[in-house]
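Residue-level structural notes
Chain residues, written in single-letter form:
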Amino acid sequence: MIVVDLADSFNSDEELTIDVYYHGNPVMDPSGWGGFYFMSGYAFNLGVGFEDVPHCYGRVWFPCNDDFVYKAVYLFKITTQIEHKAVCGGELINTLINYTEETITYTWVINHEIPTYLASIAVGSYELQSHIYEGIEEDIPVEFYIYPGDSARTAESFINIDSVLSIYEHKFGPYAWNRVVYVEVPFSSGAMEHVTNIAMGRAFIDGTLDYEDLFYHELAHMWFGDQITCSSAEDMWINEGWATFCETVYIQYLYGDQEAKAYRRASHEPVIRYYPIQDGGFHALYPMDQSLTYSRTVYEKGASVAHALRGYLGDDLFFTAITQFLQDKSYTSISSYDMRDYL
Ligand SMILES: [Zn+2]
């Protein structure tokens, strides 16, 4: 918390610019999941702290109002060793080598306003593997920043990425960002949907399709979570329930109705019978207690409610409405009531 003593008095509608100079050693979330890692020759952040409140974790590496509503544009200048790459969200606009210092500085910008927890960085020995996906409105680069030697297994694991992008674009509207990016990190407990820089644990990019649900859950967040963001932790089902719902959507259009029904039924049962025990009762999705922000109830009951809405409205109305909702509310934070009233 920074307290600023102003030399003069100001009116409440006056604008002030404050420069904050800061340094430090970034910290980890008490859960051991979110925060800033220096590990195995890589440095990277994961933008949410499951057990810290507020969950947003921009503050572990830059000064900010750390919530789901405060949004800003970003410019990152990352200086590292010449043999390393610094990968952030947005667009790489400059690289500058300092031969005396033997360093390199990468400058990235994000021109859309995003919340603190979706800003990201990963630094290390990376190779770029990329191709162009022909989107419904424009060509979109698809990039994988991977460990040297991981190109074959990356290609195998992500063999369906263009198909899934196409499914999501046709169901939820054009991709809202300039690139699709996964960055491999030395991590085995999941992934994080940073804007155009999805941090993906290396353990999951293993040359199989076993973790497609994780890959395309994170990709779905580019619509649900990143294009629109829950306006409070208590509304987290808007991010996580809908991204979980999208898993069934891509499975349906990639693998067929039977696969999708089997996939979803396997989650419906624990939503009714097990998660209420695990999470201490049958909870309404909103307002969810912050001790349960990232609970199975939020993910799986949230997905069940999205499925119920789809069933109730019918596919035409449902997908048209939710696509329009995403368009109208792009780059803003929305509440459960906003979504209810719109639909
Ligand atoms: Zn998620």
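Residues numbered from 1 in each chain as written. Predicted model: local features only at pLDDT ≥ 70, side-chain atom pairs only at ≥ 80, totals over all residues.

1. Quick notes on the overall build of the protein chain
For the protein chain, the helix and strand inventory stands at nine helices and 14 strands. The C-alpha atoms of the protein chain give a radius of gyration of 20 Å, which matches the 20 Å a tight globule of 343 residues would have. Counting only residues that meet the buried cut, the protein chain has 38% of its 343 residues in that class. Within the protein chain, counting contacts between residues at least 6 apart in sequence, those at least 24 apart form 60% of the total. (Helix = DSSP H or I, 4+ residues; strand = E, 2+ residues; numbered from the N terminus. Rg over C-alpha atoms; globule rule 2.2 N^0.38 Å. Buried ≥ 20, exposed ≤ 12 C-beta atoms within 10 Å, placed from the backbone. Contact = placed C-beta atoms within 7 Å.)

2. Structural notes on the nonpolar core
In terms of nonpolar packing, the biggest core is built from 79 residues, with Ala122, Tyr168, Val183, Ala199 and Cys246 touching the most fellow members. Ranked by the residues each element gives to this core, the list is headed by helix 4 (residues 237-255), at nine residues. Each of domain 1 (35-123) and domain 2 (229-342) contributes no fewer than three residues to this core. (Core = buried A, V, L, I, M, F, W, Y, C linked by C-beta atoms within 7 Å. Domains from an automatic or database assignment.)

3. A closer look at the environment of Leu309
Its place among the elements puts Leu309 in helix 7 (residues 296-313). Discounting residues that sit within four places of it in the chain, Leu309 has contacts with Phe318 and Leu343.

4. Here we look at the sheet that holds strand 6 (residues 103-115)
On the basis of which strands lie adjacent, the open sheet formed by three strands has the order 3-6-5 and antiparallel pairing. Of all the strands in the sheet, just strand 3 (71-81) and strand 5 (91-98) have a single pairing partner and so form its edges. Taking each pair of neighbouring strands and ignoring which way they run, the sheet shows an average axis angle of 15°. (Pairing = 2+ DSSP bridges. Axes fitted to C-alpha atoms, helices over the stretch in contact; angles between N-to-C directions.)

5. Considerations on the sheet that holds strand 7 (residues 121-124)
Pairing is antiparallel in the open sheet, where four strands are placed in the order 1-2-7-4. At either margin of the open sheet sits one strand with a lone partner, and together these are strand 1 (35-39) and strand 4 (85-88). Each adjacent strand pair in this sheet contributes to an overall mean axis angle of 15°, direction not counted. Pairing geometry for strand 4 and strand 7, over four bridges, is antiparallel. In the strand pairing of strand 7, Lys85 is matched with Gly124.

6. What about the domain arrangement of the protein chain?
Per the domain assignment, the segments of the protein chain are domain 1 (35-123) and domain 2 (229-342). Looking at side-chain class alone, the side of domain 1 that touches domain 2 contains six nonpolar, two polar and one charged residues. (Nonpolar A, V, L, I, M, F, W, Y, C, P; charged D, E, K, R; others polar.)

7. Re the packing of helix 4 against helix 5 (residues 257-273)
The geometry of helix 4 relative to helix 5 is characterised by a closest axis approach of 7 Å and an angle of 155° between their N-to-C directions. Looking at the two axes, helix 4 sits roughly antiparallel to helix 5. As for how helix 4 packs across helix 5, the hand of that crossing is right-handed. Along the contact surface, helix 4 presents Thr248, Ile251, Gln252 and Tyr255, while helix 5 presents Asp257, Glu259, Ala260, Tyr263 and Arg264. Of the residues that constitute the contact of helix 4 with helix 5, the class distribution is four nonpolar, two polar and three charged. (Parallel < 35°, antiparallel > 145°, perpendicular 65-115°, else oblique. Left-handed = near helix turned anticlockwise from the far one by under 90°.)

8. Here's the deal with the environment of Tyr21
Positionally, Tyr21 belongs in the segment before strand 1. Spatially, the C-alpha atom of Tyr21 lies 47 Å from that of Ile277, the residues being 256 residues apart in sequence.

9. Regarding the packing of helix 7 against helix 8 (residues 315-328)
Where helix 7 meets helix 8, the closest approach of the two axes is 6 Å, and the angle between their N-to-C directions is 125°. Here helix 7 lies oblique to helix 8, going by the angle between them. In the packing of helix 7 onto helix 8, the handedness of the crossing is right-handed. Facing helix 7, whose interface residues are Leu309, Arg310 and Leu313, helix 8 presents Asp315, Leu317, Phe318 and Ala321. Counted by class, the contact of helix 7 with helix 8 contains five nonpolar, no polar and two charged residues.

10. Considerations on the pairing of strand 2 (residues 42-46)
By the criterion of burial, strand 2 is predominantly enclosed, with four of the five residues buried. Bridging between strand 1 and strand 2 involves five bridges; their strand directions are antiparallel. Bridge assignment links Met39 to a residue of strand 2, and that residue is Tyr42. Pairing analysis gives two bridges linking strand 2 to strand 7, with the strands arranged antiparallel. Across the sheet, residue Phe44 finds its bridge partner in strand 7, namely Ala122.

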